[in-house]
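Single-letter residue listing:
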Amino acid sequence: DAGVTQSPTHLIKTRGQQVTLRCSPKSGHDTVSWYQQALGQGPQFIFQYYEEEERQRGNFPDRFSGHQFPNYSSELNVNALLLGDSALYLCASSLPGTGTETQYFGPGTRLLVL
Amino acid sequence: RKEVEQDPGPFNVPEGATVAFNCTYSNSASQSFFWYRQDCRKEPKLLMSVYSSGNEDGRFTAQLNRASQYISLLIRDSKLSDSATYLCVVIRSASKIIFGSGTRLSIRP
């Protein structure tokens, strides 16, 4: 049983560009959450998707958007990249109806903005 | 002031020692509490949930003190493999999921 997978593993972009990160949840999970983890910090909640809709959102600007597909996989899009967007982006999936406490994290995508 | 605060460490203790660290939170409306473990350059993994009545899992004990607004993690008979960063998580609502910055623990032989 594959766990949460994310692609790509690493990415280098320049300021002003746009990026799309991808996540496939653990089998049987229907809820996907995205987090940003800067170096030396804990993950910060970006948003959560359920039934192809953004259900909850943290304190991130509209440059951060997402999508969930019918197969529960998800994308995170970041427009107009800033140097400060350099971070590890983590995707987490959870079981139906159990909320955030049973989250399983993927290995993350390391984004470097130059 | 951050809503969730942890001592960043590093805590450097010998193998076999007992080590404890706390995580304080500022919002009394916080509902759920967890400890996660994150190894270097890896993703966080759920270690255990935290309840007022305490929660024990082998060598690990977690406790919640609502009156003083902190959670704690105690590790007994520490192993080299316990070396990691320990993140506390406080959930106030479905959209208020707050991770602490983590406490680094290093176990030496």
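As the structure is a prediction and not an experimental result, all values here were calculated from the model.

Procedures and definitions
Residues numbered from 1 in each chain as written. Chains lettered and ligands numbered in written order. Predicted model: local features only at pLDDT ≥ 70, side-chain atom pairs only at ≥ 80, totals over all residues. Heavy atoms only, no water. Contact = heavy atoms within 4.5 Å. Salt bridge = Lys/Arg side-chain N within 4 Å of Asp/Glu carboxyl O. Polar contact = N/O pair within 3.5 Å; in protein donor to acceptor, adjacent residues only side chain to side chain. Helix = DSSP H or I, 4+ residues; strand = E, 2+ residues; numbered from the N terminus. Nonpolar A, V, L, I, M, F, W, Y, C, P; charged D, E, K, R; others polar. Disulfide = S-S within 2.5 Å. Buried < 20%, exposed > 50% of the residue type's maximum accessible area, 1.4 Å probe, protein only. Core = buried A, V, L, I, M, F, W, Y, C linked by side-chain atoms within 4.5 Å.

Let us look at the interface of chain A and chain B. Contacts between chain A and chain B engage 20 residues on the former and 16 residues on the latter. Taken together, the connections running from chain A to chain B amount to zero salt bridges. If you look at where chain A meets chain B, you find three residue pairs in polar contact (both at pLDDT 80 or more). Elements represented by at least two residues in the side of chain A that touches chain B include exactly β4 (31–37), β6 (53–57) and β9 (87–94) of chain A. A class-by-class count of the residues in the side of chain A that touches chain B yields seven nonpolar, ten polar and three charged.

Residue and element names in this part refer to chain A. Counted according to the given criterion, the structure contains two disulfides over all chains. In this model, C23 is linked to C91 through a disulfide, with the two sulfur atoms separated by 1.8 Å. Across the S-S bond of C23 and C91 the torsion is about -55°, and the bridge reads as left-handed. Placement of the pair is C23 in strand β3 (residues 19–24) and C91 in strand β9, with a sequence separation of 68 residues. Across the pair, C91 and C23 agree in class, each one buried.

Our next topic: the nonpolar core. Core analysis: the largest hydrophobic core is formed by 23 residues, its most contacted members being B:F21, B:W35, B:I71, B:L73, B:I75, B:Y86 and B:L105. Where this core is concerned, the elements lending two or more residues are β3 (19–25), β4 (32–38), β7 (60–65), β8 (70–75), β9 (84–93) and β11 (103–108) of chain B. Judged by nonpolar contacts, the second largest core, of 20 residues, contains A:V19, A:L21, A:W34 and A:Y49.

All names here are of chain A. Considering the arrangement of structural elements, one finds Q6 in strand β1 (residues 5–7). Residue classification places Q6 among the buried residues on the basis of a relative accessible area of 8%. Put simply, Q6 and E75 are 69 residues apart on the chain and 9.6 Å apart in space, counted from C-alpha to C-alpha. Each residue touching Q6, except ones within four places of it in the same chain, is listed here: R22, C23, W34, Y89, L90, C91, G106, P107, G108 and T109. Looking at Q6, its side chain comes within polar contact range of the main-chain oxygen of Y89, at 3.0 Å. Within polar-contact distance, the side chain of Q6 engages the backbone nitrogen of C91 at 3.0 Å.

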